[in-house]
Amino acid sequence: MGRTVLVTGASRGIGQDTARLFADRGCKVAINYNSSEEAAAGLYSELQTAGCRAMLVQADVSNEEQVQKMLQLVNEKLGDIDILVNNAGIAKQQLFTDISAEEWDRYFQVNVKSMFLCTRGVLPAMIRKQAGKIINISSIWGITGASCEVLYSSTKAAVIGMTKSLAKELGPSNIQVNCVAPGVIATAMNSGLSQADLEDLKDQTPLGVIGKSRDIAETVYFLASGKADFITGQVISPNGGFLI
Ligand code: NAP
């Protein structure tokens, strides 16, 4: 039986396609969701019909208690987690001066603290086994910064700092920690963009297309595979050449 993977925020978008890809390729997949129960259940039943081993687990990954419960349920049903994909995230465009202190905290809780909580929870088993892969989803905006997305960009930059530091700390335990920093991907997260905005983003992209969730899933899968055993602490950015 394949390795066990937990994908946070797997009800939609990049997380959904990542969970699907790992399941297609023989992994046991825990599908985490927070509020999109119907979408998550749809993916679960699709994977079951295809004969894959999967489970559904609801949790707000910014909540310590809920994360602990989620990890316990996954361990009981699918065994130790071999691969953690910290994907869940939220985004919003707004002027810096419009950001409230509560929003600032909430974004850091969902986009960064969640990764700390999930990673801390899976590490004892990974360290015991001297093996494990942790893949954190950042963004090109965490590398280059985005106007009117200062809060989002700040959280995604923090994810990169966490990835690099943790890779150094966990290298001696043979645990690889890497970051995927996608460019613009066609998901609900970008549903607020107008057709004109999307055309403009395409024009700025050397490959001339908006990315698909599957493009990111393939990158995550590669980093989780044995082909990436010598890669740690890196930021890989599938972005069509948007950021070079
Ligand atoms: P999406 O379609 O909006 O999906 C976001 C996912 O995160 C949903 O499954 C959602 O679950 C989950 N989520 C949000 N808050 C959560 C919480 N507190 N607890 C558990 N799950 C939570 O977004 P996406 O485009 O697939 O984005 C996935 C990741 O890629 C994010 O980290 C995002 O920042 C990053 N990213 C996206 C793009 C892009 O262009 N789309 C570019 C760069 C980076 P529920 O719906 O069940 O609440």
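Notes on the structure follow.

What counts, and where the lines are drawn
Residues numbered from 1 in each chain as written. Predicted model: local features only at pLDDT ≥ 70, side-chain atom pairs only at ≥ 80, totals over all residues. Heavy atoms only, no water. Helix = DSSP H or I, 4+ residues; strand = E, 2+ residues; numbered from the N terminus. Buried < 20%, exposed > 50% of the residue type's maximum accessible area, 1.4 Å probe, protein only. Contact = heavy atoms within 4.5 Å. Areas by Shrake-Rupley, 256 points an atom, 1.4 Å probe, with all protein chains shown as cover. Lys, Arg positive; Asp, Glu negative; His and termini not counted. Charge placed at Lys NZ, Arg CZ, Asp CG, Glu CD. Patch = residues over 30% accessible without salt bridge, like charges linked within 9 Å, V, L, I, M, F, W, Y side chains within 5 Å. Salt bridge = Lys/Arg side-chain N within 4 Å of Asp/Glu carboxyl O. Pairing = 2+ DSSP bridges. Right-handed = clockwise from strand over helix to strand, strands pointing away. Axes fitted to C-alpha atoms, helices over the stretch in contact; angles between N-to-C directions. Near = heavy atom within 4 Å. Polar contact = N/O pair within 3.5 Å; in protein donor to acceptor, adjacent residues only side chain to side chain.

1. Things to note about the overall build of the protein chain
Looking only at helices and strands, the protein chain has 8 helices and 7 strands in total. Here the protein chain, with 244 residues, has 49% of them falling under the buried criterion. Taking the contacts inside the protein chain whose residues are at least 6 apart along the sequence as the reference set, 74% of them involve residues at least 24 apart. Working note: accessible area of the protein chain is about 11400 Å², and carbon and sulfur atoms make up 52% of it. Within the protein chain, the 24 negative side-chain charges are centred at a point lying 8 Å from the centre of the 22 positive side-chain charges.

2. Looking at a nonpolar patch on the surface
A surface patch of nonpolar side chains, amounting to about 270 Å² of accessible area, comprises Phe-96, Trp-104 and Val-150. Here Trp-104 shows up in helix 4 (residues 101-129). Residue classification places Trp-104 among the partly exposed residues on the basis of a relative accessible area of 30%.

3. Things to note about the side chain of Lys-156
Mapped onto the secondary structure, Lys-156 falls in helix 6 (residues 150-170). As a buried residue without a salt bridge, Lys-156 has its nearest oppositely charged side chain in Glu-149, at a separation of 9.8 Å. Once you skip the residues sitting within four places of it in the chain, Lys-156 turns out to touch Asn-111, Ile-137, Ser-138, Ser-139 and Gly-142.

4. Quick word on the pairing of strand 1 (residues 4-7)
By the alternation rule, side chains of strand 1 split into Thr-4 and Leu-6 and Val-5 and Val-7, which are all buried. Pairing of strand 1 with strand 2 (residues 28-33) involves 4 bridges; the strand directions are parallel. The partner of Val-7 across the bridge, within strand 2, is Ile-31. The parallel pair strand 1 and strand 2, bridged by helix 1 (residues 13-24), forms a crossover whose chirality is right-handed.

5. Focus: the sheet that holds strand 1
The sheet built from 7 strands is open, its strands ordered 3-2-1-4-5-6-7 with parallel pairing. Of all the strands in the sheet, the pair left with one neighbour each is strand 3 (54-58) and strand 7 (235-236). Against the sheet, helix 1 engages strand 1, strand 2 and strand 4 (83-86), with an angle of about 170° to strand 1. Contacting strand 4, strand 5 (132-137) and strand 6 (175-180), helix 4 crosses the sheet at an angle of about 175° to strand 4.

6. Topic: unusual backbone geometry
Positive phi, normally seen in glycine, also occurs at Cys-148, with a value near 65°. On the secondary structure map, Cys-148 appears in the loop between helix 5 (140-144) and helix 6. Assessed through its relative accessible area of 31%, Cys-148 is described here as partly exposed.

7. Describing the site of the ligand
Taken together, 32 residues lie around the ligand, and Ser-11, Ser-36, Asn-87, Tyr-152 and Thr-187 are the ones closest in. In the model, an oxygen atom of the ligand is placed 3.0 Å from a nitrogen or oxygen of the Arg-12 side chain. In the complex, 96% of the free accessible area of the ligand, which totals 890 Å², lies under the protein chains. Those elements that provide at least two residues to the shell around the ligand are helix 1, strand 2 and helix 6.

8. Observations regarding the side chain of Asn-239
Here Asn-239 shows up in the segment after strand 7. In this structure the side chain of Asn-239 is engaged in a polar contact, spanning 3.1 Å, whose partner is the backbone oxygen of Leu-243. Those residues in contact with Asn-239 that sit more than four places away from it in its chain are Ile-140, Gly-183 and Thr-205.

9. Quick look at the pattern of salt bridges
For the structure shown, the criterion picks out 12 salt bridges. The shortest N-O distance in the salt bridge between Lys-133 and Asp-229 comes to 2.6 Å. Taken together, the residues Lys-133 in strand 5 and Asp-229 in the loop between helix 8 (213-224) and strand 7 connect sequence positions 96 residues apart. What makes Lys-133 buried here is its relative accessible area of 6%. Salt bridges sharing partners connect three or more residues here, namely Asp-80, Asp-82, Arg-128 and Lys-129.

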